[in-house]
Each structure stands twice: as structure tokens, then as C-alpha cells.
Amino acid sequence: KVRVPSAKQQVARQQQTVHRDSFTTEMIQMGLLFGVFGFLLGSLDGFYRTTVHIQRDDLAHQLALNREFRVELEKTVGELQVQNTRLEALERGKRRSTQFLVHDLKGNLGCIIGFADLLLERAQQRRDWEETDSLDRIVRQGRSMMTAVRDLLDIAKLENTDQIDARPVRVSGLFADACEYLSIAAATDSLTVGEHHRDAPDVLADRTLVSR
């Protein structure tokens with residue numbers, strides 16, 4: 001009798017044949033390749049995760065430092081505001097003191113200029129030209145001081161502004177004025193502006209402030 005295998009047995013034999021035929025050397029190589037590739041991916045993923053954790057820790061540390069710096073900055077700003085308030089109070093006090101000083105100096109200078117004018121008139125009547133010259137210097141210097149005293153508040157304002165009346169000024173003229181107004185009669189001849197300085201170029205300046 002010839003035994004004909006059943007359909008189930010035929011299918012099982014075909015599967016065994018397929019399994020034997022499909023298991024080859026190439027499959028081993030592919031398996032190794034996939035294993036190495038998976039190992040590399042796992043290593044890269046681990047390195048990436050480690051890097052992310054480190055960066056996260058660094059960021060958290062920086063945020064903590066920023067909070068500390070912000071607290072210190074707020075503290076410093078508060079201290080500066082207190083100091084600024086004190087400075088403003090001192091500045092107001094200085095301005096009041098300056099006003100009182102200006103008032104007193106104006107009164108004293110007014111008396112000096114008045115008596116000097118009276119003596120100057122008497123010297124002119126006596127034609128005492130040496131005394132007249134000396135008294136004339138006193139009067140001019142007194143009036144110059146009076147102008148300076150009146151401008152004290154304006155000079156104080158210059159600390160808070162850069163606006164001045166700057167115009168071309170002859171340098172040799174400034175020196176000549178200094179020699180004329182700031183010297184006594186006995187030393188007038190010894191204070192002069194050298195000839196080689198008379199051609200000095202003009203400068204932009206406030207003549208009144210520079211002279212003062």
C-alpha cells in the first residue's frame with residue numbers, strides 16, 4: 001500500500017524545509033550588524049540623556065545664581081537710593097548755605113566798594129595819581145568780586161549742566177587782563193605777556209569763567 005501523507009503532514013514538512021533553507025550565514029551577519037547598530041544607538045541615547053541631565057543641572061545652578069544676584073542687586077539698588085536721597089538733601093543744604101554766604105559777601109563788598117569809591121574821589125580831587133591808581137584797582141577788584149559773588153549760584157549750576165557761553169577768546173588778552181587787574185602797582189612792570197605768546201590762537205571758552 002502506498003501511504004499518501006495527509007495535508008497537515010505535507011504542510012509541516014514544507015515548513016521544516018523552509019526553516020532549514022532560510023537559516024544561512026547571511027542571517028548571522030545581518031544579526032550581528034543589527035546588534036552592533038542597536039548597541040550604537042543605545043550608547044548614543046545614553047550619552048544624549050547624560051548630556052541633557054548635566055545641562056539641566058547646570059541650568060538649575062545658573063538659575064539659582066541668578067536669583068542670588070538679583071537679590072543682591074535689589075539690595076544694592078535700595079542702598080544707592082538711600083544714599084542718593086541723602087546726597088540730594090546735602091545738595092539742598094549746600095545751596096541754602098551758598099545763598100546765605102552770597103548775601104553776606106554782597107553786603108561786605110558793598111561797604112568796601114563804597115568806601116573805596118569815596119577815597120578815590122578824594123584822591124582824584126587832590127590829584128594824587130599814585131593813590132588814585134591804587135584805589136581804582138581796589139574798586140575794580142571789588143566790583144569784580146561782587147560779580148563773582150553774584151555768579152556763585154550760576155557756577156554751582158554748572159555742575160549739573162554742560163551749557164556755557166563758549167566764544168572765541170584771545171589767550172594773550174586773558175593773560176594781559178590778569179597782569180593788569182591782579183597785580184599791585186609795585187609789581188606791574190615785572191608782569192608782562194611775552195611777545196612770542198601774543199600770537200597764540202584763539203580758544204573757545206567762557207571769558208568770564210576763565211578770568212575768574
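What counts and what doesn't
Residues numbered from 1 in each chain as written. Predicted model: local features only at pLDDT ≥ 70, side-chain atom pairs only at ≥ 80, totals over all residues. Heavy atoms only, no water. Helix = DSSP H or I, 4+ residues; strand = E, 2+ residues; numbered from the N terminus. Buried < 20%, exposed > 50% of the residue type's maximum accessible area, 1.4 Å probe, protein only. Contact = heavy atoms within 4.5 Å. Areas by Shrake-Rupley, 256 points an atom, 1.4 Å probe, with all protein chains shown as cover. Salt bridge = Lys/Arg side-chain N within 4 Å of Asp/Glu carboxyl O. pLDDT = per-residue confidence, 0-100. Patch = residues over 30% accessible without salt bridge, like charges linked within 9 Å, V, L, I, M, F, W, Y side chains within 5 Å.

### Describing the overall build of the protein chain
- What the protein chain contains, in helices and strands, is 6 helices and 2 strands.
- Along the protein chain, from the amino end to the carboxyl end, the secondary structure elements read α-α-α-α-β-α-β-α.
- Here the protein chain, with 212 residues, has 12% of them falling under the buried criterion.
- Pairs at least 24 residues apart make up 76% of the contacts formed inside the protein chain by residues separated by at least 6 positions.
- Within the structure as shown, the protein chain displays about 17,700 Å² of accessible surface, and the carbon and sulfur contribution to it stands at 59%.

### Things to note about the pattern of salt bridges
- Under the defined criterion, the tally for this structure stands at 6 salt bridges.
- With its nearest N and O atoms 2.7 Å apart, the salt bridge here joins Glu131 to Arg126.
- Its relative accessible area of 29% is what places Glu131 among the partly exposed residues.

### Description of the environment of Ser172
- Inspection of the secondary structure puts Ser172 in helix 5 (residues 171–181).
- Here Ser172 falls in the buried class, since its relative accessible area comes to 10%.
- Along the primary structure Ser172 and Gly194 are separated by 22 residues, whereas in three dimensions their C-alpha atoms are 9.0 Å apart.

### Regarding the side chain of Asp206
- In this structure, Asp206 sits in the loop between strand 2 (203–205) and helix 6 (207–211).
- Taking the relative accessible area as the measure of exposure, Asp206 reaches 14% and is therefore buried.

### Considering the confidence of the model for the protein chain
- When pLDDT is averaged across the protein chain, the result is 77; 75% of the residues are at 70 or more.
- When mean pLDDT is taken per element in the protein chain, strand 1 (residues 167–169) scores highest with 90 and helix 1 (residues 7–22) scores lowest with 58.

### Focus on unusual backbone geometry
- In this structure, Arg127 is a non-glycine residue whose phi angle is positive, near 60°.
- Within the fold, Arg127 resides in the loop between helix 2 (25–126) and helix 3 (129–150).
- Residue classification places Arg127 among the exposed positions, given a relative accessible area of 61%.

### Quick word on a nonpolar patch on the surface
- On the surface, Met30, Leu33 and Phe34 cluster together into a nonpolar patch covering about 330 Å² of accessible area.
- Considering the arrangement of structural elements, one finds Met30 in helix 2.
- Met30 sits in the partly exposed class, given a relative accessible area of 40%.

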